[in-house]
Amino acid sequence: MKLKLFLSFLTGAALLAACGPAPAPQLQAARQHEIACLGGTLGGALIGGAIGNQFGGGSGKTILTAAGAAAGGFEGQRFAC
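Residues numbered from 1 in each chain as written. Predicted model: local features only at pLDDT ≥ 70, side-chain atom pairs only at ≥ 80, totals over all residues. Heavy atoms only, no water.

Colleague: Could you give an account of the overall build of the protein, naming the residues involved and the relevant values?
Modeller: For the protein, the helix and strand inventory stands at three helices and zero strands. Starting at the N terminus, the α and β elements of the protein follow one another as α-α-α. The buried share of the protein, taken over its 81 residues, is 15%. As displayed, the protein offers around 6200 Å² of accessible surface, 74% of which is attributable to carbon and sulfur atoms. (Helix = DSSP H or I, 4+ residues; strand = E, 2+ residues; numbered from the N terminus. Buried < 20%, exposed > 50% of the residue type's maximum accessible area, 1.4 Å probe, protein only. Areas by Shrake-Rupley, 256 points an atom, 1.4 Å probe, with all protein chains shown as cover.)

Given below as structure tokens:
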């Protein structure tokens, strides 16, 4: 029980340290840009995959889901970066 509590405390401390401000404004801007790019790519992939999943049947549905996720990820990355 004490080990689980200790590990959860360490995990929480590590997560809070990762969210802290960067030492310099330039590094903070670079970090925010990277987060925006990642968020746009993942968001686009999720939306594209959801739209692609609405079409086709059987293996075609899987192919269209993958194609929608790839296209959505590409467009999300292009839009966010």
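Resuming the write-up.
Colleague: Describe the state of the cysteines, naming the residues involved and giving the relevant values.
Modeller: Under the criterion given, the structure shown has one disulfide. In this model Cys-37 forms its disulfide with Cys-81; the gap between the sulfur atoms is 1.9 Å. Of this pair, Cys-37 sits in helix α2 (residues 25-52) while Cys-81 sits in the segment after α3 (59-80), placing them 44 residues apart in sequence. Look at Cys-81 and you get partly exposed, because its relative accessible area is 42%. (Disulfide = S-S within 2.5 Å.)

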